[in-house]
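Chain and residue survey
Now for the letters of each chain:
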Amino acid sequence: MTEKEYNNCVKEHADSVYRFILKNLRNSEDARDVVQSAFEKMWVSRAAIDGARCKSFLFTVAYHQMIDHIRKGKALILKEDAVKEMPVYNRQQQQTRKILEEALSRLNETQRSLVLLKDYEGYSYEEIGEITGLSASQVKVYLHRARIQLKNYLVSPENILE
Amino acid sequence: MQINRQSYEEYFLLYADGELNESEKKAVEEFIDQNPDLAGEMSLIQETVFKPDGSIIFENKELLFKDSSSERKIIYARWFRMAAAAALLIAFSVVGWVFLGDTNMHREPVAIVKPPEVKNIEHSDVVSSDLEKKQPVQRLADEKKQTGKEIPLVAQPEKKEANKSQHPANHEKNTQPGNSDINNEPGVVNVVPPSKTIESATFIQDAVKPDGGRETIDVAVEPRAIENNNDDQPPGQVSYAQSFSQESDDDMIYFANTTLTKKTRLRGVFRKATRYLDRVTSLQ
């Protein structure tokens, strides 16, 4: 990877990596630290990285750093500013979004990462498996379980949509 | 692919994950049409798919960019700063060494010399030197007449670091007894900075032996003959100033009301220049 390819990777993928980490950690400062660290590692290892695969490398490094960050016991503080309110034009959509965010926070870090990698980045089961160190079948099973859990939270008695 | 009311959930999840091809998607859609009660189930599963929030961005992306050329400049600047700091430190050290050496004053009164009595001495007894014309004191004149030989009036400095004054009229040359340039003649003594007062202007009452011991001896001081420009004295009569011959610029100890300074090269140069000018301009 050349310096130019590295800088292009920053422009194209810094936001998506940050968004993915932020949704998992729910702390903007921690998310920035993880993203900066991931890019720094990629810069150090740029000689061994193909420019076309910088995104998967970046997400892999960021994911593992995020997991390490969580397992070190650092508190996940739900900050209001960590989740920006999208401009919604009806109350129902705003309500649904809020419930989903709560449901996502109830997942474990692996399930949450799988859901976000799948929904935010559109990775295949195999690609997600490479990033997280799981097999494709494991990714499929864990992801399906996560969606069922999210669905059940949506239809729980306290969250019945009007 | 066989979708039915027992396996539909898996296919619905695969559909939501986007893992089905076009034909498989069409088959799932047909199944839902055939089983409209399961449409709500499909809708809920699709609700669990998150959409990326485009408003969340990594601010100040320039912090992540890399520029190899700027990194090299930083290293260069660091080395440059270090080299400049080292050069300044060396320069200040040298300047400080020079000035501290020059200003290292050793104040030690060597002797208090009373002004000598002015005597009328015959011109025939005047001894010339490279620096000035001298006349022996009365005592040496007597000795000379008695012994018939010159008695040098030199004294060796006890140390090279002996303090000196710049005034040419206030120093005395010393040599070690038995080790002088005038070959072991008597009367040559070491003159050290005495701790006691010299009673007579013409005598120094302390000396250092070659073995380091001290003894009290008398050393004559040569007065320097100067022209008498005073109208109240008869012509031909000379007056005498208390002065010392100087045969070595660097081996003199200066007496009486002079501040003694540590010899340095710079001071030596200045002293030589001063003496040269003094020789040129001194009255004979």
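In this text the structure is predicted, and so the values were computed from the model without any measurement.

Section: the overall build of chain B
- Within chain B, the secondary structure is distributed over six helices and eight strands.
- Burial status across chain B gives 38% buried among its 284 residues.

Focus on the interface of chain B and chain A
- Tallying the contact residues gives 31 residues for chain B and 39 residues for chain A.
- Taken as a group, Phe50(B), Ile56(B) and Lys66(B) account for 24% of the area that chain B buries against chain A, more than any other trio of residues on that side.
- There are eight salt bridges connecting chain B and chain A.
- Of the charged contacts, one joins Lys118(A) and Glu19(B) as a salt bridge, the two residues approaching to 2.3 Å between their closest N and O atoms.
- Scanning the region where chain B abuts chain A turns up 17 residue pairs in polar contact (both at pLDDT 80 or more).
- For the side of chain B that touches chain A, the secondary-structure elements that each account for two or more residues are α1 (8-17), α3 (39-47) and α4 (68-103) of chain B.
- Taken together, the residues of the side of chain B that touches chain A sort by class into 13 nonpolar, five polar and 13 charged.

As for α1(B)
- Across the 10 residues that make up α1(B), a large majority, eight, are buried.
- Of the positions making up α1(B), those classed as buried are Tyr8(B), Tyr11(B), Phe12(B), Leu13(B), Leu14(B), Tyr15(B), Ala16(B) and Asp17(B).
- Looking at the buried residues of α1(B), the elements they touch are α5 (109-121), α6 (125-132) and α7 (136-154) of chain A together with α2 (22-34) and α3 of chain B.

Side note on the pattern of salt bridges
Residues and elements named next belong to chain A.
- Counted by the stated rule, this structure contains 14 salt bridges over all chains.
- Salt-bridge contacts for Glu101 lead to Lys23; the nearest nitrogen and oxygen are separated by 2.8 Å. Taken together, the positions of Glu101 in helix α4 (residues 91-106) and Lys23 in helix α1 (residues 3-25) put the pair 78 residues apart, joining distant regions of the chain.
- The class of Glu101 is buried, set by a relative accessible area of 8%.

Let's talk about the side chain of Lys118(A)
- Locating Lys118(A) in the fold gives a position in helix α5.
- One polar contact links the side chain of Lys118(A) to the main-chain carbonyl oxygen of Tyr123(A), over a distance of 3.0 Å.
- Apart from residues no more than four positions distant in its own chain, Lys118(A) is found in contact with Tyr123(A), Ser124(A), Tyr125(A), Ile128(A), Leu143(A), Arg147(A), Asp17(B) and Glu19(B).

Some details on the nonpolar core
- Core analysis: the largest hydrophobic core is formed by 68 residues, its most contacted members being Ile21(A), Val35(A), Phe39(A), Met42(A), Phe12(B) and Val28(B).
- Ranked by residue count, the leading element in this core is α1(A), at 10 residues.
- Leave out the neighbours within four places in its chain, and Met42(A) touches Met1(A), Tyr6(A), Cys9(A), Ile49(A), Cys54(A), Phe57(A) and Leu58(A).

Some remarks on a negative patch on the surface
All names here are of chain B.
- Together, Glu22, Glu29, Glu30 and Asp33 make up a region of like negative charge exposed at the surface.
- Here Glu29 shows up in helix α2.
- Using a relative accessible area of 39% as the deciding quantity, one classes Glu29 as partly exposed.

Some details on the confidence of the model for chain B
All names here are of chain B.
- In the predicted model, chain B carries a mean pLDDT of 65, and 39% of its residues have values of at least 70.
- Within chain B, α1 carries the highest mean pLDDT (94), whereas strand β3 (residues 171-173) carries the lowest (43).
- Taken together, the stretch residues 151-207 has pLDDT below 50 and engages in 190 contacts with residues farther than four places along the chain or on a different chain.
- In the predicted structure, residues 238-249 sits below a pLDDT of 50 and forms 66 contacts with residues beyond four places in sequence or in another chain.
- Of the two predicted TM-score estimates for the complex, the pTM is 0.50 and the ipTM is 0.82.

Thoughts on helix α6 (residues 265-281) of chain B
Residues and elements named next belong to chain B.
- Its 17 residues give α6 an end-to-end C-alpha distance of 24 Å, which sits within 8% of 24 Å, the value for a rise of 1.5 Å per residue.
- Burial in α6 covers these residues: Arg267, Gly268, Arg271 and Arg275. Taken down its axis, α6 places every buried residue within 100° of arc, on the same side. Set apart from the buried face of α6 by more than 90 degrees, the exposed residues are Arg265, Val269, Tyr276, Leu277, Val280 and Thr281.

Some points on the packing of aromatic side chains
- Applying the stated criterion to the full structure yields eight aromatic pairs over all chains.
- An angle of 85° between the planes, with centres 5.6 Å apart, marks the rings of Tyr18(A) and Phe58(B) as edge-to-face. One end of the pair, Tyr18(A), is in helix α1; the other, Phe58(B), is in the loop between α3 and α4, on a second chain. Here Tyr18(A) matches Phe58(B) in class, with each residue buried.
- Centroid distance Phe12(B) to Phe31(B): 6.5 Å. Interplanar angle 65°. Geometry classified as edge-to-face. With a gap of 19 residues between them, Phe12(B) in helix α1 and Phe31(B) in helix α2 connect regions that are remote in the sequence.
- Phe12(B) gets classed as buried once you look at its relative accessible area, which sits at 0%.
- Within the aromatic cluster, the residues linked to one another by ring pairs are Tyr6(A), Phe39(A) and Trp43(A).
- Geometry around Tyr125(A) places Lys118(A) over its ring, the cationic atom sitting 4.7 Å from the centre.

Criteria and thresholds
- Every chain's residues receive numbers from 1 upward, in the order its sequence appears when written.
- All chains are assigned letters beginning with A, and all ligands numbers beginning with 1, in the order in which they are written.
- It should be noted that, the model being predicted, local features are given only for residues of pLDDT at least 70 and side-chain atom pairs only at 80 or more, the latter also being counted only at that level, while totals for whole chains, interfaces and linings use all residues.
- Side-chain measures were taken over the full set of non-hydrogen atoms in the model, leaving aside hydrogen atoms and water.
- Strands are runs of DSSP state E lasting at least 2 residues, helices are runs of H or I lasting at least 4, and numbering of each runs from the N terminus.
- Only protein chains enter the accessibility calculation, which uses a 1.4 Å probe; a residue is then buried when its area is under 20% of its type maximum, exposed when over 50%, and partly exposed in between.
- Throughout, a contact is declared for two residues whenever any of their heavy atoms are within 4.5 Å.
- Accessible area that two parts lose when put together, with a 1.4 Å probe and added across both, is what the buried area reports.
- Take a side-chain nitrogen of Lys or Arg and a carboxyl oxygen of Asp or Glu: if they are within 4 Å of each other, that pair is a salt bridge.
- What qualifies as a polar contact is a pair of N or O atoms within 3.5 Å, subject to a donor-acceptor requirement within protein and to the restriction that residues adjacent in sequence count only when both atoms come from side chains.
- Any residue that is not Ala, Val, Leu, Ile, Met, Phe, Trp, Tyr, Cys, Pro, Asp, Glu, Lys or Arg is counted as polar, Gly included; the first ten are nonpolar and the last four charged.
- By nonpolar core is meant a set of buried Ala, Val, Leu, Ile, Met, Phe, Trp, Tyr and Cys residues that side-chain atoms within 4.5 Å join together.
- Surface patches are drawn from residues lacking salt bridges whose relative accessible area is over 30%; two like charges belong together within 9 Å, two nonpolar side chains (Val, Leu, Ile, Met, Phe, Trp, Tyr) within 5 Å.
- In this description, accessible areas are obtained by the Shrake-Rupley approach with a 1.4 Å probe, and a residue is regarded as covered only by the protein chains that are shown.
- By the counting rule applied here, Lys and Arg register as positive and Asp and Glu as negative, while His and the ends of each chain are not counted.
- Throughout, a charge is located at the NZ atom of Lys, the CZ atom of Arg, the CG atom of Asp or the CD atom of Glu.
- In predicted models, pLDDT denotes the confidence assigned by the predictor to each residue on a 0 to 100 scale.
- By definition here, a helix of n residues has an expected span of 1.5 Å times n minus one.
- Each C-beta atom gives one direction from the helix axis, and the arc is the one those directions make.
- Two aromatic rings, drawn from Phe, Tyr or Trp (for Trp, its six-membered ring), form a pair once their centres lie within 6.5 Å of each other, and the interplanar angle then sorts them: stacked below 30 degrees, edge-to-face above 60, tilted otherwise.
- Only lysine NZ and arginine CZ atoms are considered, and such an atom sits over a ring when it is within 6 Å of the ring centre and within 35 degrees of the ring normal.

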